[in-house]
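# Coordinate inspection notes
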Amino acid sequence: MKKLDPDQLQFVEIIAKLMNEHELFQEEYTEEDFERVLTWLKKLREQIDITIETLGGDPA
């Protein structure tokens, strides 16, 4: 497995903190829990894309 560069690692840490704040980490997951996590991540991705566009970048 390739190591993450510092920017990637910082992003992963931010995502993990946000997921923890939104109580998305659990010991065991049901199918509904996975759907909840996916929905949350999709919403987050949309907000990140909007932020990038606002700052003048081009989302990937």
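Our subject is the structure that appears above.
Residues numbered from 1 in each chain as written. Predicted model: local features only at pLDDT ≥ 70, side-chain atom pairs only at ≥ 80, totals over all residues. Heavy atoms only, no water.

### Here's the deal with the overall build of the protein chain
From N to C terminus, the protein chain includes two helices and zero strands. Its C-alpha atoms give the protein chain a radius of gyration of 14 Å, more than 25% over the compact-globule value 10 Å for 60 residues. In terms of overall dimensions, the protein chain has a C-alpha envelope of 40 × 25 × 20 Å along the principal axes. Taken over 60 residues, the protein chain has a buried fraction of 12%. If you sum the accessible surface of the protein chain, you get close to 5600 Å²; carbon and sulfur atoms cover 56% of it. Here the protein chain contributes 7 positive and 15 negative side-chain charges, whose respective centroids are spaced 4 Å apart. (Helix = DSSP H or I, 4+ residues; strand = E, 2+ residues; numbered from the N terminus. Rg over C-alpha atoms; globule rule 2.2 N^0.38 Å. Buried < 20%, exposed > 50% of the residue type's maximum accessible area, 1.4 Å probe, protein only. Areas by Shrake-Rupley, 256 points an atom, 1.4 Å probe, with all protein chains shown as cover. Lys, Arg positive; Asp, Glu negative; His and termini not counted. Charge placed at Lys NZ, Arg CZ, Asp CG, Glu CD.)

### What to know about the nonpolar core
Of all hydrophobic cores here, the largest spans six residues; its members are Ile15, Met19, Leu24, Val37, Trp40 and Leu44. The element best represented in this core is helix H2 (residues 31-54), accounting for three residues. Apart from the residues within four sequence positions on either side, tryptophan 40 is in contact with Ile15, Leu18, Met19, His22 and Leu24. (Core = buried A, V, L, I, M, F, W, Y, C linked by side-chain atoms within 4.5 Å. Contact = heavy atoms within 4.5 Å.)

### Some words on H2
Helix length check: H2 (24 residues) gives 35 Å between terminal C-alpha atoms against 34 Å at 1.5 Å per residue, within 8%. Within the span of H2, buried status applies to Asp33, Val37, Trp40 and Leu44. The elements touched by buried residues of H2 are helix H1 (6-21). Just downstream of H2 lies glycine 56, where phi reads positive at about 95°. (Expected span 1.5 Å × (residues − 1).)

### Considering the packing of H1 against H2
Helix packing for two helices is described by the angle between their axes and how far apart those axes are. Here H1 crosses H2 at 125°, and the two axes come no closer than 12 Å. Here H2 runs oblique to H1, going by the angle between their axes. Judged by the sense of rotation from one axis to the other, the crossing of H1 with H2 is right-handed. Contact residues: Phe11, Ile15, Leu18 and Met19 in H1; Val37, Trp40, Leu41, Leu44 and Ile48 in H2. By residue class, the composition of the contact of H1 with H2 is nine nonpolar, no polar and no charged. (Axes fitted to C-alpha atoms, helices over the stretch in contact; angles between N-to-C directions. Parallel < 35°, antiparallel > 145°, perpendicular 65-115°, else oblique. Left-handed = near helix turned anticlockwise from the far one by under 90°. Nonpolar A, V, L, I, M, F, W, Y, C, P; charged D, E, K, R; others polar.)

### Some details on the environment of lysine 2
Take lysine 2: it is sitting in the segment before H1. You can call lysine 2 exposed: its relative accessible area is 75%. With 50 residues separating them in the primary sequence, lysine 2 and isoleucine 52 have C-alpha atoms 26 Å apart.

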